[in-house]
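Secondary and tertiary structure notes
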Amino acid sequence: MTDGQAHAMPDTSVGIDRGVKSAAVTSDGDFHDRVFITSGETTRYRRLQQRLARSKRGSANRAKVIAAMNTVMGRVSDRRGDFCAQMASRIVAKNALVVLEDLRIRNMAASASGTASAPGSRVAQKRGLNRAILDKGWHRLELSLTGAARYTGTVVVKVNPAYTSQRCSACGFVAGHNRESQAVFRCKAPGCGHAEHADVNAAKNIRHAGGEPVSACGDLGTSRSVKQEPVSRATGRTPS
């Protein structure tokens, strides 16, 4: 198949929420994740880092240590690439439309320490998030989906990520406290009470945003600033 080829199942679509707990969660309720580095490789890499710190710059021993470190990370990168390629192949085979959040991954994974004149805040926490983003292969998955989509006729679109984790996928009510924890979403709109895994709920919102415009500001189909107060899609009122 080539670009422009119609998908075998033209009415199918899926939203994908990329995260740090699971690499990707779909609106169908599928969780995709794996560990890319073994415990033995982690231990070996740390020991190599310690040897590197003690080695003399420009020495043959330092070059050997760097080569060994690159070998470990090369295996990790290969596993990540295989994981993303296989996941992408399965997803595009089943869906004519794949919707992702338009994430500025390079900015999100930028250095947390800042500069001497503008030092960063909560550096340790941000550094951990940066490592998780890179480890889960968010950008690599996006590239894999785009590449695989050319052979199935799948369309990959990216939508504004504003409020996807706070909006109820059942009624559209938006409120920060809808997401009770990393994993639990429970709608606080009167008469709704919809509850499910928070990442699945977010993935459904991502899929909805890719399929049709929604009324809450900051999402696809609106030009209003994402800094405005969100408005409930169900009630038309700003949540309190």
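Data block above holds the structure.
Residues numbered from 1 in each chain as written. Predicted model: local features only at pLDDT ≥ 70, side-chain atom pairs only at ≥ 80, totals over all residues. Heavy atoms only, no water.

Attention shifts here to the packing of aromatic side chains. Counting across every chain of the model gives 1 aromatic pair. Summarising the aromatic geometry, the rings of Phe 36 and Phe 83 are spaced 5.4 Å apart at their centres and angled 65° between planes, so their arrangement reads as edge-to-face. Placement of the pair is Phe 36 in the loop between β3 (31–32) and α1 (39–54) and Phe 83 in helix α2 (residues 60–94), with a sequence separation of 47 residues. For the pair formed by Phe 36 and Phe 83, the shared burial category is buried. (Phe/Tyr/Trp six-rings, centres within 6.5 Å; stacked < 30°, edge-to-face > 60°. Helix = DSSP H or I, 4+ residues; strand = E, 2+ residues; numbered from the N terminus. Buried < 20%, exposed > 50% of the residue type's maximum accessible area, 1.4 Å probe, protein only.)

With that settled, the discussion passes to the environment of Gln 86. Tracing the sequence through the fold places Gln 86 in helix α2. Here Gln 86 falls in the partly exposed class, since its relative accessible area comes to 48%.

What follows is about the sheet that holds strand β1 (residues 13–18). In space, the 5 strands of this open sheet follow the order β3-β2-β1-β4-β5, with mixed pairing throughout. Edge strands, defined here as strands with exactly one partner in the open sheet, are β3 and β5 (155–159). Of the strand pairs in this sheet, β1 and strand β4 (residues 97–101) are connected by 4 bridges, and their pairing is parallel. Each bridged residue has a counterpart across the sheet, and for Val 14 the counterpart in β4 is Val 98. Running at roughly 130° to β1, helix α6 (residues 198–211) makes contact with β1, β2 (24–26), β3, β4 and β5 of the sheet. (Pairing = 2+ DSSP bridges. Contact = heavy atoms within 4.5 Å. Axes fitted to C-alpha atoms, helices over the stretch in contact; angles between N-to-C directions.)

What follows deals with the layout of surface pockets. Computed from the structure, the largest pocket encloses a volume of approximately 430 Å³. Broken down by secondary-structure element, the contributors of at least two residues to the lining of the largest pocket are α1, α2 and α4 (123–136). Broken down by element, the lining of the largest pocket gets its largest block of residues, 5 residues, from α4. Residue composition of the lining of the largest pocket, by class: 6 nonpolar, 4 polar and 4 charged. The computed volume of the second largest pocket comes to approximately 350 Å³. Around the second largest pocket, the lining is made up of 20 residues, and of these Asp 17, Arg 18, Glu 101, Ser 165 and Arg 179 lie nearest the centre. Here the residues of the lining of the second largest pocket sort into 10 nonpolar, 5 polar and 5 charged. (1 Å grid on protein atoms, 1.4 Å probe; cavity = no way out; pocket = protein on both sides within 12 Å on 5 of 7 lines; lining within 4 Å. Points joined across faces, edges and corners; volume = space filled by probe spheres on them. Nonpolar A, V, L, I, M, F, W, Y, C, P; charged D, E, K, R; others polar.)

The subject of this paragraph is a positive patch on the surface. A contiguous patch of positive charge, built from Arg 44, Arg 51, Arg 54 and Arg 75, is present on the exposed surface. Structurally, Arg 75 can be placed in helix α2. (Patch = residues over 30% accessible without salt bridge, like charges linked within 9 Å, V, L, I, M, F, W, Y side chains within 5 Å. Areas by Shrake-Rupley, 256 points an atom, 1.4 Å probe, with all protein chains shown as cover. Salt bridge = Lys/Arg side-chain N within 4 Å of Asp/Glu carboxyl O. Lys, Arg positive; Asp, Glu negative; His and termini not counted. Charge placed at Lys NZ, Arg CZ, Asp CG, Glu CD.)

When the terminal C-alpha atoms of α1 are compared, their 23 Å separation across 16 residues agrees well with the 22 Å that a helix rising 1.5 Å per residue should span. Residues of α1 that are buried include every one of Glu 41, Tyr 45, Leu 48 and Leu 52, and no others. Buried positions in α1, seen along its axis, are confined to an arc of 60° and lie on one side of it. Residues of α1 that are exposed and point more than 90 degrees away from the buried face comprise Ser 39, Arg 46, Arg 47, Ala 53 and Arg 54. Those residues of α1 hidden inside the fold are in contact with α2. (Expected span 1.5 Å × (residues − 1). Arc of directions from axis to C-beta.)

The next subject is the nonpolar core. With 18 residues, the main nonpolar core has Ile 16, Phe 83, Met 87, Ile 91, Val 98, Leu 141 and Leu 145 as its most contacted residues. The set of elements that each furnish at least two residues to this core consists of β1, α2, β4 and α5 (138–149). (Core = buried A, V, L, I, M, F, W, Y, C linked by side-chain atoms within 4.5 Å.)

Between its first and last C-alpha, α5 extends 17 Å over 12 residues, near the 16 Å set by a 1.5 Å rise per residue. Within the sequence span of α5, burial applies to Trp 138, Leu 141, Glu 142, Ser 144, Leu 145, Ala 148 and Ala 149. Buried residues of α5 fall within an arc of 165° about the axis and therefore sit on the same side.

A separate point is the pattern of salt bridges. Within this structure, the stated rule accounts for 11 salt bridges. Between Asp 102 and Lys 158 there is a salt bridge whose closest N-O contact spans 3.8 Å. Residue Asp 102 is located in the loop between β4 and α3 (105–108), and its partner Lys 158 is located in strand β5; the two are separated by 56 residues in the primary sequence. For Asp 102, a relative accessible area of 25% gives the class partly exposed. Overall, the relative accessible area of 42% leaves Lys 158 in the partly exposed class. For Lys 204, the salt bridge is made with Glu 196, and the minimal N-O distance between the two is 3.1 Å. You can call Lys 204 partly exposed: its relative accessible area is 21%.

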